[in-house]
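Descriptive analysis of the structure
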Amino acid sequence: MELYEITLRGMKKLLDDCTEEAYANIIEECLRKWQGRKDTACLLKEFAEGGRFRTFRFKESDFSSSEQNFWVQQLFGGLVAMVIQLARADAEKQIIDIAYIRRNFGRPSEVLTGTRCTSCGQRQVSGTDIDKYICLPIIAKRIADGLEQGSLDKEIDIIRSVSAPEIKSQRNEAQLRAANTGLLISDSRTPMTFCPSCGGKKLVPCRFLKSVKERVFVPLSK
């Protein structure tokens, strides 16, 4: 399965670029087993309970900013989801093509998460909250484009550098909806610890559903 091998190579490239040599070597081992005897069981084992990738996360020190750290973590997660889906399909003798991937991989999120101040009731979202809302379809499309066009390395570099133009446009759209909803918007990349409106320090999670009729979010709880 060509898509499986291409995805493995993309994962190894990203790990190499982020100086994660030990984990890049694990993917190289899975790649050799695929090339030698079409073995996908080794890959599934490494990401299962007890596998060497089970608790893997990139080191924050590998990145120039927390923004880049976030997007690379999400990108690697997308590649992992893709390669596991392809490995399972191979084991079940199921054929997965690009059309299937575009239909089923990385569906847009309809829910934005944020926080609410228990003192004044003000709701707010951070820069990371916005990025969590927009990232899945952006990454999914870039991966699918790379697999189809043989340009996965290029797409990985674009996401890794946070230079994809759709990131900015989708952020703007989400921020406009948030502003129309009356949410306070912070550029912070770390969890908010106090209310920017009243200074209250007790914040609780809250969620908002994307409206299909207006450019707003609808609170899912009081």
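Look above for the structure.
To keep things clear, this report deals only with the structure shown in the data block. Predicted model only: the values in this text are computed from it and were never measured.

Rules of the game
- Residues numbered from 1 in each chain as written.
- Predicted model: local features only at pLDDT ≥ 70, side-chain atom pairs only at ≥ 80, totals over all residues.
- Heavy atoms only, no water.
- Helix = DSSP H or I, 4+ residues; strand = E, 2+ residues; numbered from the N terminus.
- Expected span 1.5 Å × (residues − 1).
- Pairing = 2+ DSSP bridges.
- Contact = heavy atoms within 4.5 Å.
- Axes fitted to C-alpha atoms, helices over the stretch in contact; angles between N-to-C directions.
- Buried < 20%, exposed > 50% of the residue type's maximum accessible area, 1.4 Å probe, protein only.
- Phe/Tyr/Trp six-rings, centres within 6.5 Å; stacked < 30°, edge-to-face > 60°.
- Core = buried A, V, L, I, M, F, W, Y, C linked by side-chain atoms within 4.5 Å.

A few words on helix 4 (residues 66-91). Look at helix 4: 37 Å from first C-alpha to last across 26 residues, which is about the 38 Å you get at 1.5 Å a residue. A positive backbone phi angle near 60 degrees is found at Lys 93, which sits one or two residues after helix 4.

This paragraph deals with the sheet that holds strand 2 (residues 123-125). By definition, the strands of a sheet pair up through backbone hydrogen bonds, in either a parallel or an antiparallel sense. On the basis of which strands lie adjacent, the open sheet formed by five strands has the order 3-2-1-4-5 and mixed pairing. Where the open sheet ends on each side, the last strands, each with one partner, are strand 3 (184-185) and strand 5 (217-219). Sheet topology note: the strand 1 (residues 111-117)/strand 4 (residues 203-210) ladder contains seven bridges and is antiparallel. Note on strand 4: the bridge partner recorded for Arg 116 is Val 204. Helix 8 (residues 165-181) rests against strand 2, strand 3, strand 4 and strand 5 of the sheet, and its axis sits at about 50 degrees to strand 5.

Our next topic: unusual backbone geometry. Even without being glycine, Lys 93 reaches a positive phi, approximately 60 degrees. For Lys 93, the location among the structural elements is in the loop between helix 4 and helix 5 (98-104). Note on Lys 93: relative accessible area 73%, which makes it exposed. Backbone geometry at Val 162 places phi at a positive 50 degrees, although glycine is not the residue there. Structurally, Val 162 is set in the loop between helix 7 (152-160) and helix 8.

Pairing analysis gives two bridges linking strand 1 to strand 2, with the strands arranged antiparallel. When the sheet's bridge partners are listed, Arg 116 is paired in strand 2 with Arg 123. Connecting the antiparallel pair strand 1 and strand 2 is a turn made up of five residues, with Gly 121 showing a positive phi of about 85 degrees.

What follows covers the packing of aromatic side chains. Following the criterion strictly, the structure yields twelve aromatic pairs and no others. Between Tyr 23 and Phe 56, the aromatic rings sit 4.4 Å apart at their centres with planes inclined by 50 degrees, giving tilted as the arrangement. Residue Tyr 23 is found in helix 2 (residues 21-37), and its partner Phe 56 is found in the loop between helix 3 (41-47) and helix 4; the two are separated by 33 residues along the sequence. Take Phe 56: its relative accessible area is 12%, and that puts it in the buried class. Note on Phe 70 and Trp 71: the rings are 5.8 Å apart at their centroids and 85 degrees apart in plane angle, and the pair reads as edge-to-face.

If you look at the biggest cluster of nonpolar residues, it comprises 62 residues, and the most contacted ones within it are Leu 43 and Trp 71. In terms of residue count, the dominant contributor to this core is helix 4 (13 residues). For Leu 43, the contacting residues outside a window of four places in its chain are Tyr 4, Leu 8, Ile 27, Cys 30, Val 83, Ile 84 and Ala 87.

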